[in-house]
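# Structural overview
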Amino acid sequence: MTDTDLTLRAREFASKDPFPMKGFGPAEWWVGNAFMTAQALRALLGLEIIGYRGPETGVSDRSSYLLRSDQIQFIVTGAQDGDHEISEHVKLHGPGLRDIGLAVPDARAAYAMALENGATPHRPPEVIENERGRMVIATIKAYGDTVHSLIECEGPDPRFEPLTDTVARSTGLHAIDHVVANVELGKMNEWVEFYERVFAFTMLKHFDDDAISTEYTALMSKVMQGGGGVIKLPINEPAHGKKKSQIEEYLDFYKAPGVQHLALSTDDLQTTIADIHGRGIETIYVPHEYYPEAEQRMPDVDIDWDRIEALSILVDQDDDGYLLQTFTKMLQDRPTVFFEFIERRGATGFGLGNFKALFESIEREQAKRGNL
Ligand code: FE2
């Protein structure tokens, strides 16, 4: 295809929507032991292991598992050798989210347009086609060592040999709701501008440090939205507080900007959390005092407050409805990436009313680690 063809295609691609996206694609974790990580995600969160690629399937440098729970797709990958970019990544950052995949209708046009908008290329478009299916994938760089693959794929991922999972028991998780970045002090607006320029995202919400501060620490956050609302990427930066911000703690241990948390949605958070607790995942502790205050703040929310408290679930309301949410404690040795679980009953926000309770809870954990 010539450059002119590609430019025409990019223009056509952008004619209806400034940067069409279909939703989150697979999110790829780079880890020290892909087998054990895949097993843990299956056992603890109920994801099915549906594909494998590695030395046995002709990919000699890595082992990679494809996991799914409804629309959620994770890839977990580990290297076969210590002298490999994945091993270097794990050595520097610990296990982390390397690639936030974005599903697009036309990956070549999306890549061409992203570059035209000033994105830094990582891998040019590649067509992968075999008896399992067809995919076009191209990758650009984002914050820190994080990248975004632009993925065009209908049907199964042709990179993976399919596996049938007869062991996984679903916990009801069905989609990636949002993915949050932590960036360095003073860098939030640069990344806001990056998503505006490269992907034509718009800012959905803005929380300044007055809104999200505790006695000790503060942060600022802007929520970027794209693809007509299917992609939501909040970006946090630390703000000055009396003690070390949790964002600074993340940056100290991840050694770079990166993904702070990944929010997974469910239609029934109470059932999901009761199930996940039974599998051994701990979520943050919410003190009793939160609940009478929350009930008073949201008198029309019709839920079983005693059960919500027993599960340490947070509740918040906005103009469109309410939401239930909670967060895991750390899932790896370093205090870096964690999960949020969220059920939206109309609400489109991110639990602003809970930020204070959430951060105080995170700070209690941070203090236990001696990092506050
Ligand atoms: Fe979140």
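Computed from a predicted structure; not experimentally measured. (Residues numbered from 1 in each chain as written. Predicted model: local features only at pLDDT ≥ 70, side-chain atom pairs only at ≥ 80, totals over all residues. Heavy atoms only, no water.)

## Quick word on helix α5 (residues 188-199)
Think of an α-helix as turning once every 3.6 residues; residues three or four places apart then point the same way. Here α5 contains 12 residues, and its C-alpha end-to-end distance of 16 Å stays within 8% of the 16 Å for a straight helix at 1.5 Å per residue. Along α5, the positions that sit buried rather than exposed are Met188, Trp191, Val192, Phe194, Tyr195, Val198 and Phe199. Each buried residue of α5 sits inside an arc of 155 degrees when the element is viewed along its axis, so together they form one side. Summarising the contacts, the buried residues of α5 are in contact with β5 (96-103), α4 (107-116), β7 (133-141), β8 (147-154), β12 (218-226) and β13 (231-239). In the segment just after α5, Ala200 is the residue with positive phi, at about 55 degrees. (Helix = DSSP H or I, 4+ residues; strand = E, 2+ residues; numbered from the N terminus. Expected span 1.5 Å × (residues − 1). Buried < 20%, exposed > 50% of the residue type's maximum accessible area, 1.4 Å probe, protein only. Arc of directions from axis to C-beta. Contact = heavy atoms within 4.5 Å.)

## Details of the coordination of the iron ion
Around the iron ion, the protein contributes the donor atoms His178 (NE2), His261 (NE2) and Glu340 (OE), at 2.0 to 2.2 Å from the metal centre. Taken in sequence order, the residues that donate to the iron ion follow the motif H-x82-H-x78-E. Within this pair, whereas His178 is found in strand β10 (residues 173-182), its partner Glu340 is found in strand β17 (residues 338-345), the two being separated by 162 residues in sequence. On the basis of relative accessibility, which here comes to 2%, the residue His178 falls in the buried class. (Donors = N, O, S within 2.8 Å, 3.2 Å for Na, K, Ca; no water.)

## Some words on the pattern of salt bridges
What the rule picks out here adds up to 21 salt bridges. A salt bridge links Arg132 to Glu161, with the nearest nitrogen and oxygen atoms 4.0 Å apart. Of this pair, Arg132 sits in the loop between β6 (121-130) and β7 while Glu161 sits in strand β9 (residues 161-162), placing them 29 residues apart in sequence. By relative accessible area, which is 39% here, Glu161 ends up partly exposed. The shortest N-O distance in the salt bridge between Arg297 and Asp316 comes to 2.9 Å. One end of the pair, Arg297, is in helix α8 (residues 290-297); the other, Asp316, is in strand β15 (residues 314-318), and 19 residues separate them in sequence. Asp316 gets classed as buried once you look at its relative accessible area, which sits at 7%. (Salt bridge = Lys/Arg side-chain N within 4 Å of Asp/Glu carboxyl O.)

## Section: the domain arrangement of the chain
Taken domain by domain, the chain comprises domain 1 (3-162) and domain 2 (173-369). Once you take the C-alpha centre of each, domain 1 and domain 2 turn out to be 25 Å apart. On the domain 2 side, the residues contacting the 45 residues of domain 1 number 41 residues. For the pair domain 1 and domain 2, the summed buried surface comes to about 3,400 Å²; carbon and sulfur atoms form 71% of the total. When the buried surface of domain 1 facing domain 2 is broken down by residue, Phe24, Leu45 and Tyr143 rank first, second and third, together holding 23% of it. There are 10 residue pairs in polar contact (both at pLDDT 80 or more) connecting domain 1 and domain 2. Among the elements of the structure, β1 (23-30), α2 (34-45), β4 (72-79), α3 (85-93), β5, β7 and β8 are those that each provide at least two residues to the side of domain 1 that touches domain 2. Classifying every residue of the side of domain 1 that touches domain 2 by side-chain character gives 24 nonpolar, 14 polar and seven charged. (Domains from an automatic or database assignment. Buried area = accessible area lost by both parts, 1.4 Å probe. Polar contact = N/O pair within 3.5 Å; in protein donor to acceptor, adjacent residues only side chain to side chain. Nonpolar A, V, L, I, M, F, W, Y, C, P; charged D, E, K, R; others polar.)

## Some remarks on the side chain of Thr336
Structurally, Thr336 is set in the loop between β16 (321-327) and β17. A distance of 3.3 Å separates the side chain of Thr336 from the side chain of Gln332, its partner in a polar contact. If we ignore the near neighbours within four places in the chain, the residues touching Thr336 are Pro95, Tyr250, Phe253, Tyr254, Gln260 and Met330.

## Considerations on α4
Within α4, seven of the 10 residues are buried, which leaves the element mostly enclosed by the surrounding structure. Among all positions of α4, only Ala107, Ala109, Ala110, Tyr111, Ala112, Met113 and Ala114 are buried. N-capping of α4 is provided by Asp106, with a side-chain oxygen placed 3.3 Å from the backbone N of Arg108. Where α4 terminates, the next one or two residues include Gly118, which has phi positive at roughly 100 degrees.

## Points about the packing of aromatic side chains
Counted under the stated rule, the structure contains 16 aromatic pairs. Summarising the aromatic geometry, the rings of Phe74 and Phe339 are spaced 6.0 Å apart at their centres and angled 25 degrees between planes, so their arrangement reads as stacked. One end of the pair, Phe74, is in strand β4; the other, Phe339, is in strand β17, with 265 residues separating them in the sequence. Accessibility classification places Phe74 together with Phe339 in one group, the buried group. A centroid spacing of 4.9 Å and a plane angle of 85 degrees characterise the contact between Tyr290 and Tyr291, whose relative ring orientation is edge-to-face. Accessibility assignment for this pair places Tyr290 and Tyr291 in one class, buried. The side chain of Arg53 reaches across the aromatic face of Phe160, ending 5.8 Å from its centre. Sitting over the face of the ring of Phe350, Arg344 holds its NZ or CZ atom 5.4 Å from the ring centroid. (Phe/Tyr/Trp six-rings, centres within 6.5 Å; stacked < 30°, edge-to-face > 60°. Lys NZ or Arg CZ within 6 Å of the ring centre and 35° of its normal.)

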